[in-house]
Amino acid sequence: MTETLVSTVVEQVPRHRFIPDRIWDGTEPVDRTQTPDRWWQLVDADTAVVTQIDEGRVGGMGVPTSSSSAPSVVAAMLDALDVQPGQQVLEIGTGTGWNAALLCELVGDADRVTTIEVDPVVAAQARKALGAAGYEVRVVVGDGAEGFPALAPYDRIIATCAVWEVPHAWLTQVRDGGIIVTPWSPQRFGPHGALARLQVRDGAAEGRFLQEAAFMWLRSQRWSGGPPHDLEADPEETRMVDGGQELLADTTVMLPLTLMVPHWNYGLRSSADGPVMWLSATDSPSWARVYPDRVEQGGPRRLWEELEQAHAWWVQRGRPEVSEFGLTVGPQGHVVWLESPDGPSWQHVV
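Just so we're clear, the structure is a prediction, and the values are computed from it rather than from any experiment.

Before going further, it helps to spend a moment on the overall build of the protein. Along its length, the protein carries nine helices and 19 strands. Taken over C-alpha atoms, the radius of gyration comes to 21 Å for the protein, in line with the 20 Å a tight globule of 350 residues would show. Counting only C-alpha atoms and orienting by the principal axes, one finds that the protein spans roughly 65 × 50 × 35 Å. Residues counted as buried form 51% of the 350 residues belonging to the protein. Summed over its atoms, the accessible surface of the protein is roughly 15,600 Å², and 50% of this surface lies on carbon and sulfur atoms.

In structure tokens:
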């Protein structure tokens, strides 16, 4: 599918027809009937539009739980999917239904498109919007991690939510030679990851990352807890370090580093000494706390040293971008590699 055709279809199927009357700007609701100018400003922008917070519950923390992706991101994903007329396509994460409508246009037959949404309220809204726009798409309520085996095999699977483990069901439900496009993150805590385009061969999938991608999580893989270590634990080692927090805050650097340093999470919290960024291993009781002037560590892994070594190696290799890395999903688990599957590699999900 050419990029020009995808762009044309995106322009021909307006996003606003699928956006509900109430959306969110941060934690502030924006109602189309009350503040139409602001509503249109958000919907017409090339940014994601939050269409649900706190899974629809009242009195939550204002956490986005459903959205419509930025049109440029939608176009990039569809271009990577390379949908051909008449192909069978499965979408994971219906959201507003706009992406499913675009898939119908590219495939040429709404009956060849199946979309799965875990939230029944979101699914009902999408089904209504799709029907009003003339797209009789099959909208299924369920866990996208399970796929939809009833209509397998598919030529293409596209996910509009992030995963840290590509579900095995997706691999078994794609034809040999078929394509999976999904946001993938090496860490389960944060939203930042990379957009992967994987080709399925003999039950395995392999391909490059295309660009950085920040998506909401597939709900069955969403991290529900905080740091899995005691943030008040006494350090086994303390080092004076300059610029540690700045390094961790730079996503253009940290995404490649997280690809090269498996099995850990990181986040931010406040303390009596000011903001502290925590690192926590997911495969051992190892941790680090990064302050503006020092690093405290404990456990068998020295996470800060691992990051420093990976950063030095990355710089020495010429600071390779995310698009130079790739992912193999197969019997050995999830393996990230640089430049080619035979190049330097790092084992992630086993």
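Text resumes after the structure shown.
Another point: the pairing of strand E1 (residues 22-25). Here E1 pairs with strand E2 (residues 28-31) via four bridges, running antiparallel. Bridged to Asp25 within E2 is Glu28. Taken together, E1 and the strand that follows it, E2, pair antiparallel across an intervening segment of two residues, in which Gly26 is found at a positive phi of about 70 degrees.

Now for the pattern of salt bridges. This model, assessed by the stated rule, comprises 20 salt bridges. The residue Asp111 makes a salt bridge to Arg138 at a minimum N-O spacing of 2.8 Å. You can see Asp111 sitting in the loop between helix H4 (98-107) and strand E6 (113-117) and its partner Arg138 sitting in strand E7 (residues 138-141), a full 27 residues away along the chain. Residue Arg138 is classed as partly exposed on the basis of its relative accessible area of 27%. Between Asp176 and Arg201 there is a salt bridge, with its nearest N and O atoms 3.9 Å apart. Separated by 25 residues along the polypeptide, Asp176 in strand E9 (residues 174-184) and Arg201 in strand E10 (residues 192-201) bring together distant segments of the chain. Of the residues examined, Arg201 reaches a relative accessible area of 44% and is grouped as partly exposed. Each member of the salt-bridge network shares a partner with another, and the members are Glu55, Arg57, Asp119, Arg219 and Arg222.

So, on to the nonpolar core. Side chains of nonpolar character tend, in soluble globular proteins, to be buried together. Ile92, Phe209, Leu248, Leu279, Trp304 and Leu307 are the most contacted members of the largest nonpolar core, which has 53 residues in total. By residue number, the principal contributor to this core is helix H8 (residues 251-260), which donates six residues. Not counting residues within four places of it along the chain, the set of residues in contact with Phe209 comprises Trp184, Ala194, Leu195, Ala196, Leu259, Val322, Ser323, Phe325, Gly326, Leu327 and Val336.

With respect to the helices and strands, Thr96 occurs in the loop between strand E5 (89-92) and H4. Only 3.3 Å separates the side chain of Thr96 from the backbone nitrogen of Trp98, close enough to count as a polar contact. The contacts of Thr96, once residues within four sequence positions are left out, are Phe18, Ile19, Thr51, Ser68, Ala126 and Ala129.

This part covers the pairing of strand E3 (residues 49-53). For a regular strand, side chains alternate in direction, first toward one face of the sheet and then toward the other. Along E3, five of the five residues are buried, which leaves the element largely enclosed by surrounding structure. Judged from the four bridges that link them, E3 and strand E4 (residues 64-68) form a sheet pairing that is antiparallel. Within the sheet, the bridge partner assigned to Val49 lies in E4 and is Ser68.

With that settled, the discussion passes to the sheet that holds E6. Pairing in this open sheet of 10 strands is mixed, and the strands run E7-E6-E5-E8-E9-E10-E11-E17-E18-E19 from one edge to the other. Strand pairing shows two members of the sheet lacking a second neighbour, E7 and strand E19 (345-347), which therefore form its edges. Within this sheet the neighbouring strands show an average axis-to-axis angle of 20 degrees, counted without direction. Relative to E9, strand E8 (residues 154-159) is paired through four bridges, and the arrangement is parallel. Bridging from a neighbouring strand, Ile158 pairs with Val181 of E9.

What counts and what doesn't
Along each chain, the written sequence defines residue order, and numbers are assigned to residues from 1. Where local features are concerned, this predicted model is filtered to residues with pLDDT of at least 70; where side-chain atom pairs are given and counted, the filter is 80 or more; whole-chain, interface and lining totals use all residues. As a rule here, side-chain values come from all non-hydrogen atoms in the structure, and water together with hydrogens is ignored. The helix and strand labels rest on DSSP assignments: H or I over at least four residues marks a helix, E over at least two residues marks a strand, and numbering proceeds from the N terminus. Computation of the radius of gyration draws on C-alpha atoms, with the globule rule given as 2.2 Å multiplied by the number of residues to the power 0.38. Each residue's exposure class comes from its accessible area (1.4 Å probe, protein chains only) as a fraction of the maximum for that residue type: buried when under 20%, exposed when over 50%, partly exposed otherwise. Areas reported here follow the Shrake-Rupley algorithm with a probe of radius 1.4 Å; residue values treat only the protein chains shown as occluding. Between any two strands, at least two bridges found by DSSP are needed for them to pair. Take a side-chain nitrogen of Lys or Arg and a carboxyl oxygen of Asp or Glu: if they are within 4 Å of each other, that pair is a salt bridge. Definition used in this section: a nonpolar core is a set of buried Ala, Val, Leu, Ile, Met, Phe, Trp, Tyr and Cys residues joined via side-chain atoms within 4.5 Å. Should any heavy atoms of two residues lie within 4.5 Å, those residues are counted as being in contact. Counted as a polar contact is a pair of N or O atoms within 3.5 Å, where, for protein atoms, one must be capable of donating a hydrogen and the other of accepting one, and residues adjacent in sequence contribute only when both atoms are in side chains. A fitted line through C-alpha atoms represents every axis, and for helices the fit uses only the stretch in contact; the resulting angles, taken between N-to-C directions, go from 0 to 180 degrees.

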